Amino acid sequence: MQIKDLISILDLSVADIEEIFATARRCKEKQKKGEEYTPLKGKSLAMIFAKSSTRTRVSFEVGMLQLGGHALFMSTQDMQLKRGETIHDTAKTLSRYVDGIMMRTYSHKDVLEMAEHATIPVINGLTDLSHPCQALTDIFTIIEKKGNPAGLKIVYLGDGDNVANSLALIAGKLGLHMVLCIPPGYEPDKGIIKEAQGLADHSGAKLELTNDPQAAASDADILYTDVWTSMGKEQEREERLKIFKPYQLNGRLLAKAKPDCMVMHCLPAHRGEEITDEVMASQQNISFDQAENRLHVQKAILTLLLGK
Ligand code: CP
Ligand code: NVA
């Protein structure tokens with residue numbers, strides 16, 4: 001893989017994505033066998049968080065440890081960034097100490113700025129606009145469970161948020177059939193949809209945007225949802241609860257899908273909101289396998305970017 005940073009799915013070619021998946025499969029196999037694999041011996045990753053995290057923080061930290069390296073958790077609350085040091089100077093300084101930066105923040109521009117000024121790889125650990133490590137893991141998980149994803153009806157229900165944006169882009173890149181079922185006014189970023197559609201024109205992907213959950217769920221192979229109120233949107237919560245109600249992933253909606261339909265969620269889930277307890281408890285829910293795969297896919301990304 002020739003790229004320095006992983007900021008967006010758009011940074012990756014189809015061959016890069018295939019390389020990430022093949023490396024992730026190898027990392028997973030080795031870990032399951034208890035085989036040591038330490039290509040990042042002596043390397044360090046700075047993990048900068050301006051927002052909360054469970055999965056991203058733990059999977060990157062444990063991933064670095066398993067690869068022979070080390071990760072540092074840095075909350076922006078405790079960094080000089082909070083007291084006015086620029087992203088530019090932070091990038092230059094960290095580049096003198098560590099071998100890579102993973103960053104979770106609000107504005108997507110912040111991650112781009114960090115990547116521009118850092119001489120080391122920068123990985124996007126979620127911004128308001130995108131969540132590329134999640135989308136890569138999601139498609140990796142679908143392939144693991146169902147084989148070739150082309151031809152599957154993958155339905156995303158709910159908010160047109162960072163996760164939806166990255167899923168639309170990866171579907172466009174890889175030629176997948178993705179239905180985005182989203183209430184009017186909450187559609188994914190217009191620029192992203194244009195990019196995804198442009199990719200689809202080349203790859204043969206079928207991207208559909210609808211606001212009819214019943215029709216969308218009908219014959220679905222995958223039903224995927226995410227929280228209705230993403231981090232940073234908390235003041236809109238009450239309004240969103242009302243607007244998104246018909247988009248809840250519940251037993252009735254799941255019954256419309258194919259009998260072997262799998263349920264996905266990037267987690268954290270807000271049970272009783274976008275997904276019911278019943279669906280979370282069902283055999284069809286693979287969201288914890290999905291969460292596990294963040295570890296294996298990110299180990300692949302770290303190996304490919306930091307292991308050069
Ligand atoms: N899915 C995901 O990124 O989870 P965290 O917010 O817990 O990192
Ligand atoms: N869309 C969610 C994803 C959390 C992993 C958020 O941004 O809060």
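Calculation notes
Residue positions are given per chain, counting from 1 as you read along its sequence in written order. All chains are assigned letters beginning at A, and all ligands numbers beginning at 1, according to the order in which they are written. Restriction of local features to residues with pLDDT of at least 70 applies here, the model being predicted, together with a cutoff of 80 or more for giving and counting side-chain atom pairs; totals for whole chains, interfaces and linings are based on all residues. Each side-chain value is derived from all of the structure's non-hydrogen atoms; neither hydrogens nor water enter the calculation. Working definition: residue near molecule or strand if any one of its non-hydrogen atoms lies within 4 Å of it. N or O atoms within 3.5 Å of each other form a polar contact, as long as, within protein, one can give a hydrogen and the other can take it, and as long as residues adjacent in sequence are counted only when both atoms are side-chain atoms. Accessibility throughout is a Shrake-Rupley quantity obtained with a 1.4 Å probe, and a residue counts as covered only by protein chains that appear here. Each residue is assigned to one of three groups, with Ala, Val, Leu, Ile, Met, Phe, Trp, Tyr, Cys and Pro labelled nonpolar, Asp, Glu, Lys and Arg labelled charged, and all others, Gly among them, labelled polar. The term nonpolar core refers to a set of buried residues drawn from Ala, Val, Leu, Ile, Met, Phe, Trp, Tyr and Cys, joined through side-chain atoms within 4.5 Å. Summary of the burial criterion: residues with accessible area below 20% of their type's maximum are buried, those above 50% are exposed, and those between are partly exposed, where the area comes from a 1.4 Å probe applied to protein chains only. The contact criterion used is simple: two residues touch if any of their non-hydrogen atoms lie within 4.5 Å. At least two DSSP bridges between two strands are needed for those strands to be called paired. Each helix corresponds to a stretch of at least 4 residues labelled H or I by DSSP, and each strand to a stretch of at least 2 residues labelled E; elements are numbered beginning at the N terminus. Helix axes are fitted to C-alpha atoms over the stretch in contact, other axes to C-alpha atoms as well, and angles between N-to-C directions run from 0 to 180 degrees.

Chemist: Outline the site of ligand 2, supporting the account with residue identities and numerical values.
Modeler: Surrounding ligand 2, one finds L126, D161, N162, D226, V227, S230, M231 and L267. One nitrogen or oxygen atom from the main chain of M231 is found 2.9 Å from an oxygen atom belonging to ligand 2. Taking 270 Å² as the accessible area of ligand 2 by itself, protein coverage stands at 95%. Residue composition of the shell around ligand 2, grouped by class: four nonpolar, two polar and two charged.

Chemist: Explain the nonpolar core residue by residue, including any values.
Modeler: I20, L136, I301 and L302 are the most contacted members of the largest nonpolar core, which totals 61 residues. Among all residues touching I301, those that are not within four sequence positions of it are L6, I20, I123, C133 and L136.

Chemist: Break down the sheet that holds strand 8 (residues 222-225) for me, with residues and values.
Modeler: Pairing in this open sheet of five strands is parallel, and the strands run 7-6-5-8-9 from one edge to the other. Each of the sheet's edge strands pairs with one partner strand only, and the pair in question is strand 7 (206-210) and strand 9 (262-265). Between one strand axis and the next, the sheet turns by 20° as a mean value, whatever way the strands run. When strand 8 meets strand 9, the two strands line up parallel, connected through four bridges. Bridge pairing in strand 9 links Y224 to M264. Sitting on the sheet, helix 5 (residues 132-146) is in contact with strand 5 (153-157), strand 8 and strand 9, with an inclination near 160° to strand 9.

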